[in-house]
Amino acid sequence: MPQPSKAPANAGHFDVIIVGAGISGIGLAYHLQTGAPEKTFAVLELKDSFGGTWHTHRYPGVRSDSDLHTFGYSFKPWRGAPIATAGEILSYMGEVIAENDLDRHIRYHTKVVSADWSSAENHWVIRTQNVQTGETSTCTAGFLWMCQGYYRHDQGYMPQWPGMDAFKGQIIHPQAWPEDLDYAGKRVVVIGSGATAATLVPAIADKVAHVTMLQRSPTYFTPGRNKNELAETLRELDIDPAWTHEIVRRSILSMGAKMAERRKANPEVVREELLGALRGLVGEDYVAKHFTPSYAPWRQRICFVPNGDFFDAIKAGKASVVTDEIEGFTEGGIALKSGETLEADIVVSATGFDLSVLGDIPFSKDGAPIDFAQTVTYRGMMFTGVPNLLWVFGYFRSSWTLRADLIGALAPRLLRHMDEKGAKRVEPALRPEDADMALGPWTDPEDFNPGYLMRSMHLMPKAGSKPEWRHTQDYWAEKDTLPAIDLDAPELVYG
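(A) Spotlight on the environment of F167. By secondary structure assignment, the location of F167 is in the loop between β6 (136-146) and β7 (170-172). Here the alpha-carbon distance between F167 and T330, two residues 163 residues apart in the chain, equals 5.5 Å. Those residues in contact with F167 that sit more than four places away from it in its chain are F329, T330, E331, G332, G333, A344, D345, I346 and V347.

(B) Molecular detail of the confidence of the model for the protein chain. Confidence along the protein chain averages 93 in pLDDT terms, with 97% of residues attaining 70 or more. Below a pLDDT of 50 lies the segment residues 1-10, which in the model reaches 34 contacts outside its immediate sequence neighbourhood of four places, other chains included.

(C) The arrangement of the packing of helix α6 (residues 229-236) against helix α7 (residues 241-265) in detail. Running from N to C, α6 and α7 cross one another at 160°; their axes reach a closest spacing of 10 Å. Put simply, α6 runs roughly antiparallel to α7. In this structure, α6 meets α7 at a crossing whose hand is right-handed. Seen from α6, the contacting residues are L230, A231, L234 and R235; seen from α7, they are T244, I247, V248 and S251.

(D) Looking closely at the state of the cysteines. As enumerated under the stated definition, the model contains 0 disulfides in all. C139 supplies the cysteine sulfur nearest to C147, a cysteine that is in no disulfide, at a spacing of 15 Å.

(E) Main features of the sheet that holds strand β8 (residues 187-191). The strand order across the open sheet built from 5 strands is β7-β16-β8-β9-β12, with neighbouring strands paired in parallel fashion. The open sheet is flanked by β7 and β12 (319-323), the only strands paired with a single partner. Looking at each pair of strands side by side, their axes are set apart by 20° on average, direction ignored. Note that β8 and strand β9 (residues 210-215) share 5 bridges and pair parallel. Paired with V189 across the bridge in β9 is T212.

(F) Main features of the environment of L102. Inspection of the secondary structure assignment puts L102 in the loop between α4 (86-99) and β3 (106-107). The class for L102 is buried, based on a relative accessible area of 1%. Separated by 267 residues in the primary sequence, L102 and P369 have C-alpha atoms spaced 33 Å apart. When residues no more than four places from it in sequence are discounted, the contact partners of L102 are I26, A29, Y30, Q33, F41, V96 and I97.

(G) Quick look at the sheet that holds strand β14 (residues 333-336). Across the sheet, which stays open at both edges, the 3 strands sit in the order β13-β14-β15 with antiparallel pairing between neighbours. Only two strands of the sheet have a single partner each, and these edge strands are β13 (326-330) and β15 (341-343). Along the sheet, successive strands turn relative to each other by an average axial angle of 20°, direction set aside. Examined bridge by bridge, β14 and β15 share 3 bridges and lie antiparallel to one another. Considered in β15, the bridge of G333 is made with E343.

(H) Geometry of α4. Across its 14 residues, α4 extends 20 Å between first and last C-alpha, which sits within 8% of the 20 Å expected from 1.5 Å per residue. Those residues of α4 not exposed but buried are A86, I89, L90, Y92, M93, G94, V96 and I97. Within two residues after α4, D101 carries a phi angle of roughly 55°, on the positive side.

(I) Looking closely at the environment of V321. Relative to the helices and strands, V321 is located in strand β12. Sequence-distant contacts of V321, that is, excluding residues within four places in its chain, are made with M213, Q215, Y286, H290, F291, F310 and I314.

(J) Just a nonpolar patch on the surface, in detail. Side chains of L230, W243 and I247 sit close together on the surface and give an oily, nonpolar patch of about 310 Å² of accessible area. Topologically, I247 is positioned in helix α7. Residue I247 is classed as partly exposed on the basis of its relative accessible area, which comes to 37%.

(K) Broad picture of the pattern of salt bridges. Going through the model one piece at a time under the given rule, you end up with 27 salt bridges. We note a salt bridge from R152 to D360, for which the minimum N-O separation is 2.7 Å. Of this pair, R152 sits in the loop between β6 and β7 while D360 sits in the loop between β16 (346-349) and β17 (363-365); the two residues are 208 residues apart in sequence, bridging distant segments of the chain. The partly exposed category is assigned to R152, whose relative accessible area is 27%. Salt bridges sharing common partners tie together R431, E433, D434, K466, E468 and E491.

(L) Representation of α7. With 25 residues, α7 should reach 36 Å at 1.5 Å per residue; the first-to-last C-alpha distance of 36 Å fits that figure. Residues T244, H245, V248, R249, I252, L253, A257 and R263 constitute the buried set of α7. Looking at the packing, one finds that the buried side of α7 touches α3 (68-71), α6, α8 (267-282), α11 (400-421) and α13 (475-481). In this structure D240 caps α7, since a side-chain oxygen of it lies 2.8 Å from the backbone nitrogen of A242.

About the cut-offs
- Counting restarts for each chain: residues are numbered from 1 in the order of the written sequence.
- Only residues with pLDDT of at least 70 are given local features in this predicted model, and only at 80 or more are side-chain atom pairs given and counted; all residues enter the totals for whole chains, interfaces and linings.
- With hydrogens and water stripped out, all remaining heavy atoms of the structure feed into the side-chain values.
- Note on conventions: DSSP H or I runs of at least 4 residues are helices, E runs of at least 2 residues are strands, and numbering of each starts at the N terminus.
- Only heavy atoms matter for contacts: two residues are in contact if any of them lie within 4.5 Å across the pair.
- pLDDT is a per-residue confidence score from the predictor, ranging from 0 to 100.
- Here the axes come from fitting lines to C-alpha atoms, over the contacting stretch only for helices, and the angles between their N-to-C directions go from 0 to 180 degrees.
- Throughout this description, any angle smaller than 35 degrees is read as roughly parallel, any larger than 145 degrees as roughly antiparallel, any in the 65 to 115 degree range as roughly perpendicular, and the remainder as oblique.
- Should the near helix be turned anticlockwise from the far one by less than a right angle, the crossing is termed left-handed; should it be turned clockwise, right-handed.
- Here, the term disulfide refers to a pair of cysteine sulfur atoms separated by no more than 2.5 Å.
- Here, a strand pair is defined by DSSP locating no fewer than two bridges between the strands.
- Per-residue accessibility, obtained with a 1.4 Å probe over protein chains only, is compared with the maximum for each type, and a residue is labelled buried under 20%, exposed over 50%, and partly exposed between these values.
- To estimate how far a helix should extend, the number of its residues minus one is multiplied by 1.5 Å.
- For patch building, the residue pool is restricted to those with more than 30% relative accessible area and no salt bridge; the joining distance is 9 Å between like charges and 5 Å between nonpolar side chains (Val, Leu, Ile, Met, Phe, Trp, Tyr).
- Per-residue and other accessible areas follow the Shrake-Rupley method at a 1.4 Å probe size, with only the shown protein chains counted as cover for residues.
- The term salt bridge refers to a pairing of a side-chain nitrogen on Lys or Arg with a carboxyl oxygen on Asp or Glu at a separation within 4 Å.
- Distance and chemistry together define a polar contact, namely a pair of N or O atoms within 3.5 Å, with one atom able to donate a hydrogen and the other to accept it when in protein, and with adjacent residues in sequence counting only for side-chain atoms on both sides.

Structural data, given as structure tokens:
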């Protein structure tokens, strides 16, 4: 695995600056290097190493909640189990960096302080700071590709409940897990019902006195083997790993498309299937009380539990689930609105993320601040009135990397097209026929409504009713539409 560079961002000009060395940034660096090898670029990363989410999160058991055959890159075969640990994903990303000599382009410890578009020069002026030394520098870039993710890595979302100061134990967020935390023999309460809670609970269940997952409302869970039978068969037949990777990806995506159609066409049937799979594991009453969500199966991610380890911990009596609301903290635990109290030595607030819109970086255009909430999104990756800026925002229900790969293939094509036209800038603009188009929130709450998104929707760009002005969550449509985008369509204005 490559060793992180300690160099600050060098002053100078680049054709492209990529912000973030996580799963998206490394992927787009690969696509840029292969799709437009004549372009100069740098990857700016705040942390001391690559990895993004998989570098930030270090709580026990941290693992993917998407299968690595589709969360992995299209160009790099995945050879392990479908659900992978953070360490395995980091190792995989390290191989991509080493195999493609990408480390020489990455500037670690580099914070983007501001980005200002200069209309006179047709480039971005980017101020950076080395967070180790405090040294500041400025570089310019023809294009900015924002791959910094969608949440704040320096802090998780931590609700404030009454009495937290009175609690005698520890309150922590998984995003800031202390390396020296001693939870052996302790009573632990994990607040939350998403993938983090479902991962953390079985990971610590054998060492703690007892762990309780406290949820305000249930989430859909689905257990399954952490194994792909098709992948195993193809490997046994010694099929080329690249072929195996592509065949398995297509198989998973085909099944995913059919399931997505079923969820929308027959939500009650799918709902019953999901709940039925759990009844045999923890019983009818437990499912009715703790694993029966009030929303339709497609409105939030369905949490996959590899090998059913979460449910095994419950059956063994090492873990339990409580569905209730928090009244407040006491010295020894959490008081619930039902009147009961959960005693705890450690409380883990697995309550999600704080959304970050383009890294919370101050953007401006000729010195005037850019308010992205006043722009309209172009296919969820560009913004009206903002030149030469690309944002990688992946899928919610499918693997994030699927969209990063699609955008990674499109972005170099756009650069080549601009060169052919002799253009220095491109920005989306509403067409005359869009003048009366109704604008709404960036994503439809009736379609997808996780808490982190709903809390910050007012910060996001607007969306329109036409495909060009929406961030669709339909990979199975975008895999055909994004590669076929007409780069000379009137909604893209060159200069």
